[in-house]
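Below are the chains, spelled out letter by letter.
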Amino acid sequence: MPVKNDWAPILKEASESESYQKLREFLKKEYETETIYPPKENIWQAFEWTPYTEVKAVILGQDPYIRENQAHGLSFSVQPGIKLPPSLKNIYKELEADLGYPPADHGYLESWAKEGVLLLNTVLTVREGHSHSHKGKGWEELTNFVIQKLNERSEMIVFILWGNPSIEKRHLIDESKHVVLTSPHPSPFSARKGFFGSRPFSKTNEALIKSGQTPIDWEVPTL
């Protein structure tokens, strides 16, 4: 694993499990025979950009985007110059309604990652054009392990769980120590069922301030 910061020993421990060994073999074949997203070198990008001790919030998505040049290892983020996917458009709408920041003209969420937001998916790879194609192959065990390790942190973290696959991980989090915010997924199919109006950005900052931490700057700067 190419992660060079304080995630390295945690991910190394996760990689020693039997389920990860099977996942590795599966991914090796998939990358050789299919088009898989994100590119191999971007699988661990979320961990590279948001070190373990700097995580203030976790936005947990499902699996990566399934179209060319979109996914680069951060949940909901797309590469520069790529049209905004519908879910991200809805996230920006809620951000504007919540904090007044107008939608950015791009979907590259590096600034959030650098602010301490771990943009994690429950499954970190996907086959082109086929959502959930790498579900049940071992990624869930690894991301469970990551959440459990974050749960062990003494400092409060806000876990933002959007959609049922993310909300299913709620039981891994000690809510006497951390804050959990849940809502339907921001996709066009479910955003109107409770994602809009959920105010996750201001609620996260309120919780951080209450715990004596610096709030997150959610404004996405122009590239």
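For the structure, check the block above.
None of the values given here were measured: they were computed from a predicted structure.

Participant: Tell me what's going on with the overall build of the protein, and back it up with residues and numbers.
Facilitator: Looking only at helices and strands, the protein features eight helices and six strands. Walking the protein from its N terminus toward its C terminus, one meets helices and strands in the order α-α-β-α-β-α-α-β-β-α-β-α-β-α. Here the C-alpha radius of gyration of the protein, 16 Å, is about what a compact globule of 223 residues would show, namely 17 Å. Overall, the C-alpha framework of the protein stretches about 45 × 40 × 30 Å when taken along its three principal axes. In the protein, which comprises 223 residues, the proportion classed as buried is 55%. Considering only intrachain contacts with a sequence separation of at least 6, the fraction spanning at least 24 residues in the protein is 68%. Accessible area of the protein: about 10,600 Å², with a carbon and sulfur share of 48%.

Participant: Account for the nonpolar core, with residues named and values stated.
Facilitator: With 71 residues, the main nonpolar core has Trp 7, Trp 44, Phe 47, Trp 112, Leu 118 and Leu 150 as its most contacted residues. Per-element tally for this core: the top contributor is helix α6 (residues 139-151), with six residues. The residues touching Trp 112, leaving out its near neighbours within four places in the chain, are Ile 59, Ile 91, Leu 95, Val 117, Leu 119, Phe 201, Asp 217, Trp 218 and Val 220.

Participant: Kindly report on the packing of helix α1 (residues 8-15) against α6, identifying the contributing residues and their values.
Facilitator: The interhelical angle for the contact between α1 and α6, taken along N-to-C directions, is 140°, at an axis separation of 10 Å. Between α1 and α6, the angle is such that the two are oblique. For the crossing formed where α1 meets α6, the hand is right-handed. For the pair α1 and α6, the contacting residues are Ile 10, Leu 11, Glu 13 and Ala 14 in the first and Leu 142, Phe 145, Val 146 and Lys 149 in the second.

Participant: Mind laying out the pattern of salt bridges, listing which residues take part and the relevant values?
Facilitator: This model, assessed by the stated rule, comprises eleven salt bridges. Glu 18 is the salt-bridge partner of Lys 22, the closest N and O atoms lying 3.5 Å from each other. Of this pair, Lys 22 and Glu 18 both sit in helix α2 (residues 18-33), four residues apart, which is roughly one turn of the helix. Glu 18 carries the same exposure label as Lys 22, and that label is exposed. Its salt-bridge partner being Arg 199, residue Asp 98 comes within 3.5 Å of it at the nearest N-O pair. In this pair, Asp 98 sits in helix α4 (residues 86-99) while Arg 199 sits in the loop between β6 (179-183) and α8 (200-210), placing the two residues 101 residues apart along the sequence. The exposure class of Asp 98 is buried, given its relative accessible area of 13%. Through salt bridges with shared partners, a single ionic network connects Glu 13, Lys 149 and Glu 152.

Participant: So what's going on with the environment of Lys 210? Residues and values would help.
Facilitator: Its place among the elements puts Lys 210 in helix α8. Relative accessible area serves as the criterion here: at 78%, Lys 210 is assigned to the exposed category. Linking Lys 210 and Met 156, residues 54 residues apart in sequence, is a C-alpha distance of 9.9 Å.

Participant: Residue-level account of unusual backbone geometry, with values.
Facilitator: Backbone torsion omega between Tyr 37 and Pro 38 reads -5°, so that peptide bond is classified as cis. For Pro 38, the position within the fold is in the loop between β1 (36-37) and α3 (45-49). Here the phi dihedral of Phe 76 falls at roughly 70°; this positive angle occurs in a residue that is not glycine. Looking at the secondary structure, you find Phe 76 in the loop between β2 (57-61) and α4. Its identity as a non-glycine residue notwithstanding, His 132 has a phi of 65°, on the positive side. Summarising the element assignment, His 132 is placed in the loop between β4 (126-127) and α6.

Rules behind the numbers
Residues numbered from 1 in each chain as written. Predicted model: local features only at pLDDT ≥ 70, side-chain atom pairs only at ≥ 80, totals over all residues. Heavy atoms only, no water. Helix = DSSP H or I, 4+ residues; strand = E, 2+ residues; numbered from the N terminus. Rg over C-alpha atoms; globule rule 2.2 N^0.38 Å. Buried < 20%, exposed > 50% of the residue type's maximum accessible area, 1.4 Å probe, protein only. Contact = heavy atoms within 4.5 Å. Areas by Shrake-Rupley, 256 points an atom, 1.4 Å probe, with all protein chains shown as cover. Core = buried A, V, L, I, M, F, W, Y, C linked by side-chain atoms within 4.5 Å. Axes fitted to C-alpha atoms, helices over the stretch in contact; angles between N-to-C directions. Parallel < 35°, antiparallel > 145°, perpendicular 65-115°, else oblique. Left-handed = near helix turned anticlockwise from the far one by under 90°. Salt bridge = Lys/Arg side-chain N within 4 Å of Asp/Glu carboxyl O.

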